[in-house]
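Observations on the three-dimensional arrangement
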Amino acid sequence: MFTGIIEDIGDVISIRHEGDSAILEIKSKKIMDDVKLGDSIAVNGVCLTARSISGDTFTADVMAETLRRSSLGTLKSGSKVNLERAMLLNGRFGGHIVSGHIDGTGTIVNTKREANAVWVEISADSKILKFIIEKGSIAIDGISLTVAYVDEKVFKVSIIPHTASETTLLTKKIGDIVNLENDIVGKYVEKLLRPADDSKPAGKGLSMETLIENGFM
């Protein structure tokens, strides 16, 4: 589990494709002091497992499903990536709940400066947009951000100077692909409220009436 607060911008040393999968090697100056084999590290928002460690570098396996559903397959030697170690329970929770299991990708379609901030506009599939709400949270390449605008085709976030300097987001160009993870709470609520499949045995399920009866509304 992660928070979407980026700890370091890492450098991709290599990405070695092996059939439909790959092995990613990344260098980091800040996070390697307590990384152990098997630890989870979010790389551009994708939860990966450290399979080997050497000094200030680590390697991770990237399976075929991850390459299909994320932008990791576009990385190359020299690419910059956002890095975050799994959260500590005794630390401050500065972002929002991020699982590292992205829902898909979006495309940057526009950027615009406004005073000290920069607006970033991203197009995405309707399956992702339906879970995005104004003033809600979303993880973009692993960065916890607040949604400032959303419609049927795009959503927008506003990037403050600190986020700009501590992440890779504003190094992206129009047309670049970014990883997206919706707020996990919204996905679970939608699943619980979804009408039951008529082909399966009927169950009580979760309804607005049930939520009201039990004091949740």
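In this report, we go over the structure that sits alongside the text. Going along each chain's sequence as written, the residues are numbered from 1 onward. The predicted nature of this model means local features are confined to residues of pLDDT at least 70 and side-chain atom pairs, given and counted, to a pLDDT of 80 or more, with totals for whole chains, interfaces and linings taken over all residues. Based on all heavy atoms of the structure, the side-chain values leave hydrogens and waters out of the count.

**Notes on the pattern of salt bridges**
A carboxyl oxygen of Asp or Glu within 4 Å of a side-chain nitrogen of Lys or Arg is what we treat as a salt bridge. Tallied over the entire structure, the rule returns 15 salt bridges. For the salt bridge of Asp61 with Arg51, the shortest nitrogen-to-oxygen distance reads 2.7 Å. With a gap of ten residues between them, Asp61 in strand E5 (residues 57–62) and Arg51 in strand E4 (residues 46–54) connect regions that are remote in the sequence. The shortest N-O distance in the salt bridge between Lys187 and Asp103 comes to 3.1 Å. Residue Lys187 is located in helix H4 (residues 184–193), and its partner Asp103 is located in the loop between strand E6 (80–85) and strand E7 (104–114); the two are separated by 84 residues in the primary sequence. Relative accessible area serves as the criterion here: at 22%, Asp103 is assigned to the partly exposed category. A network of salt bridges, in which partner residues are shared, links Glu7, Asp33, Asp34 and Arg85. Segments assigned H or I by DSSP are reported as helices when at least four residues long, segments assigned E as strands when at least two residues long, and all are numbered from the N terminus. Each residue gets one of three labels from its accessible area relative to the maximum for its type: buried under 20%, exposed over 50%, partly exposed in between, using a 1.4 Å probe on protein chains only.

**What about unusual backbone geometry?**
Phi is mostly negative for residues that are not glycine, and the peptide bonds are mostly trans. In the Ramachandran plot, Asn44 falls in the positive-phi region, its phi being about 50° despite a non-glycine side chain. Even without being a glycine, Lys135 presents a positive backbone phi close to 70°. Tracing the sequence through the fold places Lys135 in the loop between helix H2 (126–129) and strand E9 (137–140).

**A short note on the environment of Ser137**
In this structure, Ser137 sits in strand E9. The spacing of Ser137 and Val98 is 39 residues in sequence and 9.8 Å in space, taken between C-alpha atoms. Among residues more than four places away in sequence, those in contact with Ser137 are His96, Leu145 and Asp183. Throughout, a contact is declared for two residues whenever any of their heavy atoms are within 4.5 Å.

**Re the sheet that holds E4**
For two strands to count as paired, DSSP must find a minimum of two bridges between them. If you walk around this closed barrel you meet the six strands as E1-E2-E5-E4-E3-E6, and the pairing is antiparallel. Taken over all neighbouring pairs, the strand axes of this sheet differ in orientation by 45° on average, direction set aside. Bridge analysis of strand E1 (residues 8–18) against E6 gives four bridges, and the strand direction is antiparallel. Paired with Asp11 across the bridge in E6 is Lys80. Axis lines are fitted to C-alpha atoms, over the contacting stretch for helices. Their N-to-C directions set the angle, which ranges from 0 to 180 degrees.

**Re the pairing of strand E12 (residues 177–182)**
Extensive coverage of E12 is indicated by the burial of five of its six residues. As paired strands, E7 and E12 are joined by four bridges and run antiparallel to one another. In the sheet register, Gly104 faces E12, and the bridge partner there is Leu180. As defined by bridge partners, E9 adjoins E12 across three bridges and the pair is classed as antiparallel. When the sheet's bridge partners are listed, Ala139 is paired in E12 with Glu181.

**A short note on the nonpolar core**
For this analysis, a nonpolar core means a set of buried residues of the types Ala, Val, Leu, Ile, Met, Phe, Trp, Tyr and Cys, connected via side-chain atoms within 4.5 Å. The biggest cluster of nonpolar side chains holds 22 residues, and the ones touching the most others in it are Leu24, Val43, Leu48, Phe58 and Leu83. Residue assignment for this core shows that the elements contributing at least two residues are E1, strand E2 (21–27), strand E3 (40–43), E4, E5 and E6. Residues in contact with Leu48, not counting those within four places in the same chain, are Leu24, Asp39, Ser40, Ile41, Val43, Ala60, Asp61, Val62 and Leu72. Core analysis: the second largest hydrophobic core is formed by 19 residues, Ile128, Ile132, Ile140 and Phe155 among them.

**Some remarks on the environment of Gly100**
Mapped onto the elements of the fold, Gly100 is located in the loop between E6 and E7. Each C-alpha atom of the pair Gly100 and Ser40 lies 9.3 Å from the other, and the pair is 60 residues apart in sequence. When near neighbours in sequence (up to four residues on either side) are disregarded, Gly100 contacts Phe2, Gly45, Val46, Cys47 and Glu181.

**Description of the sheet that holds strand E10 (residues 143–150)**
Reading around the barrel, the six strands line up as E7-E8-E11-E10-E9-E12 and close back on themselves, with antiparallel pairing between neighbours. Neighbouring strand axes in the sheet, compared pairwise and without regard to direction, differ in orientation by 45° on average. Here eight bridges tie E7 to strand E8 (residues 117–124), and the two strands are oriented antiparallel to one another. By the bridge assignment, Gly106 is partnered in E8 with Ala124.

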